[in-house]
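Reading the structure
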Amino acid sequence: MNTLAIYMNGYRVGYLSRSDSGAQEKTALLKIDNVWCIPKGNTPTTHIIKLPVGKIQSHDHTIDLTDSVENEMLCLRIAKAFGFDAPAKNFSIHIEPHGTYRLTPLYDIISAHTAIGGNGLNIPDLKLAMSLRGSSGKKWRIYQIFRRHFLNTAKEAEFSPSRMSEIITTLCNKVDDVIERVKNDLPDDFPTRVSTPIFEGMLERKRRLLIE
């Protein structure tokens, strides 16, 4: 177990412990009036600091997530460029003055495309967190997902399939521009081993979603 001291503006504000098991370690902080604090109990937080996940060993794969911090940073920038403001699985809210609140931006999102190949994952291993509806049952595996599965799911949820089709087309039409804008805004030393497979994965998902 390794311990990392966290300093903000020259002040030590806490510690972050990291094990060698591959699990991602994190700690939450609270910034009030430009002062960093360690929240206790049910105190709301404003920031999360994470360490790289590292390598995860399973019975038949070695999933390399040593670049998980860069991966998540890129995914967050991509989500922001698309205009997304809430995740599909992790829900959090901003607590604001006078009892108001709003959904937080996306968080805890990384791409599995950086872990494909070698002793890592294969394309058939990639699954959605939540299934879509197919003609012969639920669809989980990403390489089997096409536009029709979103339309079937929309119909099942009593949401307009034609409206869903419009949403998919709108998102697909943004892909190339989002990639270009995000790529141009990345630091010069950002690892291409992270950005290239993620951008290529986006283009492949676009191609499949344009297939009826």
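Summary of the structure given here. (Residues numbered from 1 in each chain as written. Predicted model: local features only at pLDDT ≥ 70, side-chain atom pairs only at ≥ 80, totals over all residues. Heavy atoms only, no water.)

1. Concerning the overall build of the protein
Quick reminder of the rule: The helix and strand labels rest on DSSP assignments: H or I over at least four residues marks a helix, E over at least two residues marks a strand, and numbering proceeds from the N terminus. Here a residue-residue contact requires only that any non-hydrogen atoms of the pair lie within 4.5 Å.
Within the protein, the secondary structure is distributed over four helices and 11 strands. Counting only contacts in the protein whose residues sit at least 6 apart along the sequence, the fraction spanning at least 24 positions is 43%.

2. Thoughts on the environment of T196
Short version of the rule: Relative accessible area decides the class of each residue, using a 1.4 Å probe on protein chains only: under 20% of the type maximum gives buried, over 50% gives exposed, and in between gives partly exposed.
In this structure, T196 sits in helix 4 (residues 192-209). The partly exposed category is assigned to T196, whose relative accessible area is 34%.

3. Observations regarding the side chain of R147
Note the cut-off: Polar contact is defined as a pair of N or O atoms within 3.5 Å, subject to the rule that within protein one atom must be able to donate a hydrogen and the other to accept it, and that residues adjacent in sequence are counted only when both atoms are side-chain atoms.
If you trace the backbone, R147 turns up in helix 2 (residues 147-156). A distance of 2.6 Å separates polar atoms of two side chains, one belonging to R147 and the other to S165. Ignoring any residue separated from it by four or fewer positions in sequence, one finds R147 in contact with S165, I168, T169, R208, L209, L210, I211 and E212.

4. Comments concerning the nonpolar core
Which entries qualify depends on this criterion: Buried Ala, Val, Leu, Ile, Met, Phe, Trp, Tyr and Cys residues that are joined via side-chain atoms within 4.5 Å together make up what is termed a nonpolar core.
In this structure, L74, I78, I198, F199 and M202 are the most contacted members of the largest nonpolar core, which totals 14 residues. Every element with two or more residues in this core is listed here: helix 1 (68-82), helix 3 (161-185) and helix 4. Beyond its immediate stretch of four places on either side in the chain, L74 contacts V182, L186, F190, V194, S195, I198 and F199. Core analysis: the second largest hydrophobic core is formed by seven residues, V53, A115, L126 and I142 among them.

5. Structural notes on unusual backbone geometry
A positive phi is found at N34, a non-glycine position, where the angle reads about 70°. Considering the arrangement of structural elements, one finds N34 in the loop between strand 3 (26-32) and strand 4 (35-37). Residue E158 is not a glycine yet carries a positive backbone phi of 60°. Using a relative accessible area of 77% as the deciding quantity, one classes E158 as exposed.

6. Here's the deal with the side chain of H61
Relative to the elements of secondary structure, H61 occurs in the loop between strand 6 (54-57) and strand 7 (62-65). For H61, a relative accessible area of 14% gives the class buried. Among the polar contacts listed, one links the side chain of H61 to the backbone oxygen of G120, at a separation of 2.8 Å. When neighbours within four sequence positions are excluded, H61 is seen to be in contact with I56, N119, G120, L121, N122 and D125.

Honestly, it's all geometry; don't read function into it.
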